[in-house]
Each structure stands twice: as C-alpha cells, then as structure tokens.
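# Summary of the model geometry
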Amino acid sequence: MGRKARLAALALLFLLAGGHQARYAVDAVEGLRHAATEERLPFEAAARGDVRATVISVQPEAEAAGLARGDRIAAVQGTPATGASVLPRALAGLRAGDTLRLTLEDGRDLSIVLAAKGAPADAGTWALGLLLHVVTPWLCLALGFWAAASRDHDPLAWLLLALLISFSQVLSAEVLHWPGLLASAGTFHKKLGERSWGIWMLLFGVFFPQRLDWDRRWPWCKWIFIAPLAAASVLSAMYGALWSWSYAAAATLSGPVNALSIPSYALSMTAIALFFMSLGYKSGTTTSPDARRRLVLLHTGATISMTPAFIASLAGLVQRREPFQAVGPWFGTVAVLLFCLFPFTLAYVIVVHRAMDVRVVLRQGVRYAFARGGAAALGVVLMITIILATGLAAGRPDRRRVEVVTIVALGALSMVLLARLGQRIMLWIDRRFFRDAYDAERILGDLSEKVRAFVQTAPLLETVARTLSESLHVARVAVLLEDGGAYRPAHTLGYAGAPEVSFAQGSRVVAALREGRSPLRVYLDDPSSWLMADGVPAEERSALGSLESQLLLPLAAGPTLPGFVCLGPKRSEEPYSGSDLRLLQSVATQTALALENGRLTEEVAREVARRERLNREVEIAREVQERLFPQHLPPVQGLDYAGFCRPAMGVGGDYYDFLALEGGRLGVAVADISGKGIGAALLMASLQASLRGQTMLRQGSIGRMMAAVNRLVHAASPDNRYATFFYSEFDPATRRLAYVNAGHCPPIILRTGPEGRRVIRLAAGGTVIGLFEEATFTEKHLDLAPGDLLVAFTDGISEAMNEEEEEWGDERLIEAMASRRGLGAGDLVQALLGEADRFAGAAPQHDDMTLVAMRVL
C-alpha cells in the first residue's frame, strides 16, 4: 500500500472515530449541564428468551405508577419496544417532572412522572467529567492519529493508533439514545473498542520499542490470546449492535455471548498482565539505556494509572455493580484520575521515542524565551477564557440542545482559530529573534538526500554550511579540510574575507578532534576549558579567535579526519545544547561520508585499471582458495563423509579439511575466520598450513597440537584477527573420535537408538585460535556407534536469516538432519544447504556457509 493510500485510509478512519467521539463529547457536556434536571431511569428491562422487554427492577416512581417486576413492555411513548435503544431514545427528550407513557403487553397504559437523576454538577464533577469523557478520549485520538500520520509507514505507529482508539472507547459513554442506526453503529464501535483493548495492549507490549525476543522464537504464542479475544470482541460488538436495534435479531447470539463473557474477561485481563510482563522483561534485558528509560517510564506510569481501576473492576465483578460504585466515591474518583494518566504516559514515551521520530528541538535564547514565553502565557489565558465563557453560556438551564451545540461548536472553532493565530505569532517570533523551530529528522533527511547527489567538494561544502547556518541561525561557518599536511579553510560563510588560518596535522586542536571524534565547545574566556587545560599554544587559540569559534565539529570518516567545521556564535547568543551536539554529530557523519564518496568519485578514472587488476587477482585468489579445499577424500573404512564451502564473497574465511593420518585415521577440521574477503582468506591459508605442518610433526595430544597451531596463527595474523576452529581425529578401528573445539559452533551428532533420538553437541575444548599468544586446549573423546551422523558447520548455516530477520537455528538444522539421515554424506550436505537456502528465501547470503557430514557405517 502506497503512502497516499495509507493517508486516505487514515483520513477515513479519523472521520469515523472522530465523528463518534465528537458525539460522545456533546453527550457528556449535555449530561453535565442537565445533571440536576436530567431524568433517572425509572426501571430496567432486559430481553428474555421470548425476546420481549421484561422489567427486572423498578424505582419508586415507576412502582407508584403501577409497574412491577415481570411486566412486559409493549411500547414506550407509542413506539414499539423492539430493541434496547427505544427507552433511552424516549428518555433523551424528557426531563425530570415530565411523563413517560408505557404500554404493557397485558393492555395496561401507565404514566410515570420522572424523578431527577441527581444534584447539579459542581466544579469538581464538571472537571472530572470533562477529563474522563472529553479531554482524555480526544487526547487519545489526537496522539494516535498524529503518530500514524507522521510515521504512516511504521507498523508501531498504527498499533499505537489502534490502542488509543480502543482506550478512548473505554472512557466513552453509552450511545443507545442516538437516533436510528447511529445507535447500532455507535454501540458496535464502542463494544469493539472496549473488548479489543486487551489485544492492543498485548501487541504493544510485545513490539514496543522493539520486538520481544520470545516472540521472535515463538510468534504463534500470542495468538493463543489474540484469536479468541478478537472473536469474542467481534461477537460482542455484533450482539450489542443487534440488541440496540432488535431483541429478536440479537437472540441468536445471546447464548454464545453469555458463555464467552467470563472467559473473554479472563483472557483480556491476562493479555493486559502480559503487557506489563513484557515491559518488565524488556526493561531488564535491553542493552539500550534510552530504550530502558522509556520502558521503565511506561511500565511505571501504566501500573500507577491502571492498578486502582483494576481493583475497582474486580470489586464491581464481585459485587455485580458498576466498578466505580463498588469502591466508593473517593476511591472511584482517584481511580478515574489515575486511569486518565495512561494516555499521557504513552504520549511522553512516544514523543521521546526515536523510532517514532515525533520530536521538535526546542531552543531558548534570553530574548527569545521572554518573547515566546509571553506569547504562550497569553495564549493559555485566552484559551481558559474561551473555555469558561463557553461553559457558562452553554450551562444555562434554559438553553435548548441546538443552542448548546451551537455554543460549544463556536467555542471549539474559536480555540482552533486561536491556536492557528498562536502558531503564526510563534513563527513571527522565531523569525524575529532568529529562532526558527525545526524538525531534526527532516533536516537530517533533507541534508542526507542532498549530499548523496554531490560528486564535487565545493557544492557539498556550500550546501552543508548554508544548511547549518539556516537551521541553527549561526552567522559564521567555516569548513576546514586537510591540504598538504595542514587544515585550511575550504569554504566560509559570513566572514568579511577568507580567514588566513591553518592548523597543522600535529596541532593540539586537531589531536583533540581526532581523539575525541565528537563536537568540542570552544570557550576562549574560560580558564577551565580544554583549550587551557591541554596547553593549546597561543597561536592556535588566536586562530580559533579569528574564526570566532564556539563549536568545532570533526568530519570523521573511519580512522581519518578529512576536515572539521568551525561554527561561530548563534545570533540568539544561546550556547549549543546537548540536542544541538547530537544533531551536528549526525550531520558531520553524513558530510564526512559524502566527502569520502566525492574523493572516491574523483579517483574513479585512475582506479579503473587497478580495479580490473584487483578483480583478476580476486579471481585468482578464489581459484587458489578452491584448490586449498580437499580435492580428493582419503578412503576411510566404515565412514561416509563429505564437505562443502560456499563463500559469501569471491573469497571467504571459512575452512574445512580432511587429513589422512597414520594408522588409517582421518583428521577433520572446520574453521571460521573473523571477517571476510582477502584478509580472511589469507588467514585461512595460514591456518591450513599451520595445521598440516603440525599434524606431520605431531607429538602428544590434540590439545598440545592445537596450542602450537594457535601460536603460529597468532604470530602470522593481526591482533584483531582470529578463528573459531574445530578439529577431530576419527579412528575407524575403534570408532573413537578425539576432538578439540576452539570456540566454534558445536558440531552435532545425531544418534538414533531404541530409546529414541539423541542429540550430542561437541562443545568442549578452549578459546578461539590466534587471539592470544598462549592458550590451553582440552582434548575430549567420544565413542561413535554405527548409524551415528555428525554434522560440523559454521555460523553462516545456523544463523542464515530470512527476510523477517529470523535465524534458521540449530533446531531447524537438527530436524533437517533427522528427516534426511538416510542420504549419503555428499547428498546430505547439499540437502542441508538447500534447506537453509529455502528458509532464507530472497534474503542475501551475508556469511560464508560451510558444512561437513560424517556417517558411521
């Protein structure tokens, strides 16, 4: 689905959800306004087995009029009582003191004088009602649609939207009094949102801020809860919609709905509990401090906001009453207030959540802060004035509903216009005080797109300098590049003339930038600054002063420093903040990469011949490496074996070998060299030579031989190179396998006997080869039995990933071995490799793939 289609779907969803929520808000305000005169329900009725509205409880005013429990209602105000919405619709047009006319099935006509529902709503009731039924539901919708619109391609944003729409329905009022089919549609919407809340909570706990690792391994587990909850939610919503319209139509669903009510409630509570468990587990296992902070905030906020509501829900379930009536007014009020904190908690963690990228970098200079602060304060005062004026005007008892709706609409329109006017004022202040607010992601994205197209240095530097100057409102920007052993200005912006400054390669300023590889603040008037503490020479401080430097930004590309950017003071006189430094660090990385790309582009013509020569050398290296693998398999009595290696690149770092040893024994080696390409291939050749030489000079155990190989490889390889290595020797006379595993993926032995299938992993041995000069390796022995199947492999096999980044894994490898254990060794190797390829699908091969199979005959 393209972006336009996603946004169109989002707009349609907003019309549906927003339209319902707008009607909910009007109903909530109307109920608060008429709290003193609004009628209370004189009786309660329910549909029995014969789909008739039967009275199940009566109020004194209904009892005085002659209504009793068990009476069957035929009509209300002359309208046949065919559905649950008939009575609420009739009451919607009445007030306390009005008369409600009933017709019973036995022919009696009753007139009930309606009693008042309660006392006038005081300020606390108004505040609580508006918060619960107006502010919080609309906050949920606003936040959810904002996140989905800004990140329409992100599934997590849509999941957040579904969760918040569902949460808004939990807080919304009943809709049975709505006219016509709107009552059924509104009931369906509300019931579906209420009942599916647990599903969205569970999914959000699984996927926020990254997918739960348990779900990667067992993705089907969550459907144990989601599938029945989804079915129960849809069934309940359908039943509610039909019940509001026609008792007879809903009768067919009443049995399943009643049967599923308690199990679905238990499943929903379990799903919500799993939400908390997922957050707690991820907050304790994630390695990202930022992710841990967001998880802890969400877990704590959700716990605080939902615990009282959960207690009230349990109390209501036990007492068979409304939840907040069951726990008393004080506890209920506290529970409501805390319950409304949940979307605010979500709002905070999502706003600071980098994956959602809903961020605005705030800047404050002294004049800017006063200007914006004053405008913001004035805006808040005007907003409060509009709200109070609207509430007072709409709250008069003599107002008709049309007048109330008109006043509320005018108040809302006034707030929208005031908000837009406030945005224009803020924009004018931003421009007036050189403080244009900006979106960090958009600037980085635009700059990244621009610099990718540059192949020349001058336009690149001009674009970067101008973008930094405009976004941070910096008057002076200088970009210095390395030229002939010194860093000199290659592009300047805002200076009267090109500054005549240079910094030698060995200067203290360049050394600090190269070592720190992060932005450096420049405070020439601060004795505690690094400029003074590190003893920077006076001429370097003078050069920084002539550039009016306040920040130095290294353009670090790998181990090199092709240049750095010198930023002068901001026009607002505000120092560079931490968020500025993070933004600039990203910009510097993009610019350094673009410079490197430009340098490489300029050398393309000179490199063509060398690249062709290199390609030929790589081809030769590949051919040589293929010759290093076993070309002929020494015959071994009672053993069927084979091996295969497929490099991810032209040459690879995987290695396997079969060595014919004295006494008819067979040596089997499998190794995985760190890294890829030519370097790994050279180390592989060195490892093979060392191993073969040591087997010829073999004295003592395999462990001692491996220690000697380790010393040889360590001496011949760089410090950052090493190899995982498995070496074994098989004696066909005794069927004994001696082996050492030097940090390699444990080979798997599949043994089948009368007691069933048994899996043996060969993991013992020691550390990797070549990393340490001295290492000790332990030799282990294992007696093999006829029919035993041994498969040794590199992690390119077990860690082969599909397009969903799911690994094939040892368990799938074992199952593939078991299902194809009847094949010969050569066919088995190809079959296992084919299974790994089928699992990976279209995903590219990122690592060398090596397999060795041995079957004891």
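The rules behind these values
- Residues numbered from 1 in each chain as written.
- Predicted model: local features only at pLDDT ≥ 70, side-chain atom pairs only at ≥ 80, totals over all residues.
- Heavy atoms only, no water.
- Helix = DSSP H or I, 4+ residues; strand = E, 2+ residues; numbered from the N terminus.
- Contact = heavy atoms within 4.5 Å.
- Areas by Shrake-Rupley, 256 points an atom, 1.4 Å probe, with all protein chains shown as cover.
- Buried < 20%, exposed > 50% of the residue type's maximum accessible area, 1.4 Å probe, protein only.
- Salt bridge = Lys/Arg side-chain N within 4 Å of Asp/Glu carboxyl O.
- Axes fitted to C-alpha atoms, helices over the stretch in contact; angles between N-to-C directions.
- Left-handed = near helix turned anticlockwise from the far one by under 90°.
- Nonpolar A, V, L, I, M, F, W, Y, C, P; charged D, E, K, R; others polar.
- Arc of directions from axis to C-beta.
- Core = buried A, V, L, I, M, F, W, Y, C linked by side-chain atoms within 4.5 Å.
- Pairing = 2+ DSSP bridges.
- Parallel < 35°, antiparallel > 145°, perpendicular 65-115°, else oblique.
- Patch = residues over 30% accessible without salt bridge, like charges linked within 9 Å, V, L, I, M, F, W, Y side chains within 5 Å.
- Phe/Tyr/Trp six-rings, centres within 6.5 Å; stacked < 30°, edge-to-face > 60°.
- pLDDT = per-residue confidence, 0-100.

### Comments concerning the overall build of the protein chain
A count of helices and strands for the protein chain gives 28 helices and 23 strands. The contacts of the protein chain with a sequence gap of at least 6 include a subset with a gap of at least 24, amounting to 68%. Carbon and sulfur atoms form 60% of the exposed surface of the protein chain, whose accessible area is close to 41800 Å².

### Description of the environment of Ala458
Tracing the backbone shows Ala458 in helix H18 (residues 457–472). For Ala458, a relative accessible area of 54% puts it in the exposed group. Along the chain, Ala458 and Ala490 lie 32 residues apart, while their C-alpha atoms are 8.0 Å from each other.

### Concerning the pattern of salt bridges
Scanning the entire structure with this criterion turns up 18 salt bridges. Across the pair Glu774 and Arg711 runs a salt bridge whose closest N-O atoms are separated by 3.5 Å. Of this pair, Glu774 sits in the loop between strand E20 (765–766) and strand E21 (780–783) while Arg711 sits in helix H25 (residues 702–716), placing them 63 residues apart in sequence. Under the relative-accessibility criterion, Arg711 is labelled partly exposed at 36%. Two residues, Glu815 and Arg757, come together in a salt bridge whose shortest N-O distance is 3.0 Å. With Glu815 in helix H27 (residues 809–819) and Arg757 in strand E19 (residues 756–761), this pair connects stretches of sequence that are 58 residues apart.

### Describing the packing of helix H24 (residues 677–696) against H25
Two packed helices can be described by the angle between their axes and the distance between those axes. H25 packs onto H24 with a crossing angle of 145 degrees between their chain directions and a minimal axis gap of 9 Å. Where H24 crosses over H25, the handedness of that crossing is right-handed. Contacts from Leu683, Ser686, Leu687, Ser690, Leu691, Gln694 and Thr695 of H24 reach H25 at Met705, Ala708, Val709, Leu712, Val713 and Ala716. A per-class count over the contact of H24 with H25 returns 9 nonpolar, 4 polar and no charged.

### Here we look at helix H19 (residues 508–516)
Of all the positions in H19, only Val509, Val510, Ala512 and Leu513 are classed as buried. The arc enclosing the buried residues of H19, seen along the axis, measures out at 160 degrees, which places them on a common side. Phi turns positive one or two residues past the end of H19, at Arg517, with a value near 55 degrees.

### A word on the nonpolar core
Ranked by size, the top nonpolar core spans 50 residues in total, and within it Leu687, Met706, Phe725, Tyr727 and Leu762 carry the most contacts. Setting aside its immediate chain neighbours within four residues, Phe725 contacts Tyr655, Ala669, Val670, Ala671, Leu687, Leu691, Met706, Val740, Asn741, Ala742, His744 and Ile769. In this structure, Leu159, Phe204, Leu279 and Leu295 belong to the second largest nonpolar core, which totals 33 residues.

### Thoughts on the sheet that holds strand E12 (residues 560–567)
Read across the sheet, 6 strands follow the order E9-E8-E7-E12-E11-E10 without closing on themselves; strand pairing throughout is antiparallel. Two strands close off the open sheet at either side, each with one partner strand: strand E9 (503–504) and strand E10 (520–521). The pairing of strand E7 (residues 477–483) with strand E8 (residues 486–493) spans 7 bridges and is classified as antiparallel. Residue pairing in the sheet places Leu481 in a bridge with Arg488 of E8. In the packing of H18 onto the sheet, contacts are made with E7, E8 and E12, and the angle to E8 comes to roughly 60 degrees.

### What to know about the packing of helix H7 (residues 197–207) against helix H10 (residues 247–285)
Running from amino to carboxyl end, H7 crosses H10 at an angle of 15 degrees, the nearest separation of the two axes being 8 Å. The angle between the axes of H7 and H10 places the two elements in the roughly parallel class. Both H7 and H10 take part in a crossing whose hand is left-handed. Each of Trp197, Gly198, Met201, Leu202, Phe204, Gly205, Val206 and Phe207 in H7 lies in contact with H10, whose residues at this interface are Ser268, Ala271, Ile272, Leu274, Phe275, Ser278, Leu279 and Lys282. A class-by-class count of the residues in the contact of H7 with H10 yields 11 nonpolar, 4 polar and 1 charged.

### So, unusual backbone geometry
Although it is not a glycine, Arg735 adopts a positive phi angle of roughly 60 degrees. Along the chain, the position of Arg735 falls in the loop between strand E16 (723–731) and strand E17 (736–742). Not every positive phi belongs to a glycine, and Glu805 is a case in point at roughly 60 degrees. As for its position among the elements, Glu805 is in the loop between helix H26 (795–798) and H27.

### Section: the pairing of strand E3 (residues 72–76)
Of the strand pairs in this sheet, strand E2 (residues 53–58) and E3 are connected by 2 bridges, and their pairing is antiparallel. Bridge pairing in E3 places Ala53 opposite Ile73. Sheet topology note: the E3/strand E5 (residues 99–104) ladder contains 3 bridges and is antiparallel. Pairing of Val76 across the sheet is with Leu102, part of E5. Between E3 and strand E4 (residues 79–80), which follow one another and run antiparallel, lie 2 residues, and Gln77 among them has a positive phi close to 55 degrees.

### What to know about the pairing of strand E23 (residues 849–856)
Buried residues dominate E23, accounting for 8 of its 8 residues. The side-chain alternation of E23 yields two buried faces, one formed by Met849, Leu851, Ala853 and Arg855 and the other by Thr850, Val852, Met854 and Val856. Sheet topology places strand E22 (residues 789–793) next to E23; 5 bridges connect them, and they run antiparallel. Residue pairing across strands places Leu789 opposite Arg855, the latter belonging to E23.

### What about a nonpolar patch on the surface?
Together, Trp214, Trp218, Trp220, Trp223 and Ile224 give the surface a local cluster of nonpolar side chains, amounting to about 630 Å² of exposed area. Within the secondary structure layout, Trp218 lies in the loop between helix H8 (213–217) and helix H9 (223–245).

### With respect to the sheet that holds E23
Pairing between the strands of a sheet is mediated by backbone hydrogen bonds and can be parallel or antiparallel. Taken in spatial order, the 5 strands of this open sheet run E13-E23-E22-E18-E19, and their pairing is antiparallel. Looking at which strands have only one partner, the edges of the open sheet turn out to be strand E13 (639–646) and E19. On average, each strand axis in the sheet is inclined to that of its neighbour by 15 degrees, with strand direction left out of account. Against the sheet, H27 touches strand E18 (748–753), E19 and E22, its axis set at about 130 degrees to E19.

### Some words on the side chain of Ser264
Position of Ser264 among the secondary structure elements: in helix H10. In contact with Ser264, other than residues within four places in its own chain, are Leu229 and Ala232.

### Considering the side chain of Ser166
The topology assignment puts Ser166 in helix H5 (residues 155–170). A relative accessible area of 2% means that Ser166 is categorised as buried. Residues contacting Ser166, with those up to four places away along its chain left out, are Gly193, Ser196, Trp197 and Trp200.

### Focus on the packing of aromatic side chains
Within the structure shown, the criterion is met by 9 aromatic pairs. Pairing Phe275 with Phe276 gives two aromatic rings, centres 5.1 Å apart and planes at 80 degrees, and the pair type is edge-to-face. Both residues of the pair, Phe275 and Phe276, count as buried. Ring plane angle 70 degrees and centroid distance 5.8 Å describe the contact between Phe503 and Phe564, whose orientation is recorded as edge-to-face. Taken together, the positions of Phe503 in strand E9 and Phe564 in strand E12 put the pair 61 residues apart, joining distant regions of the chain. As far as burial versus exposure is concerned, Phe503 and Phe564 are alike and both buried. One aromatic cluster in this structure is built from Phe629, Tyr641, Tyr656 and Phe658.

### Examining the confidence of the model for the protein chain
Here the protein chain averages 78 in pLDDT, and 77% of its residues register 70 or above. Scored below 50 in pLDDT, residues 352–374 shows 58 contacts in the model against residues more than four places distant or in partner chains.

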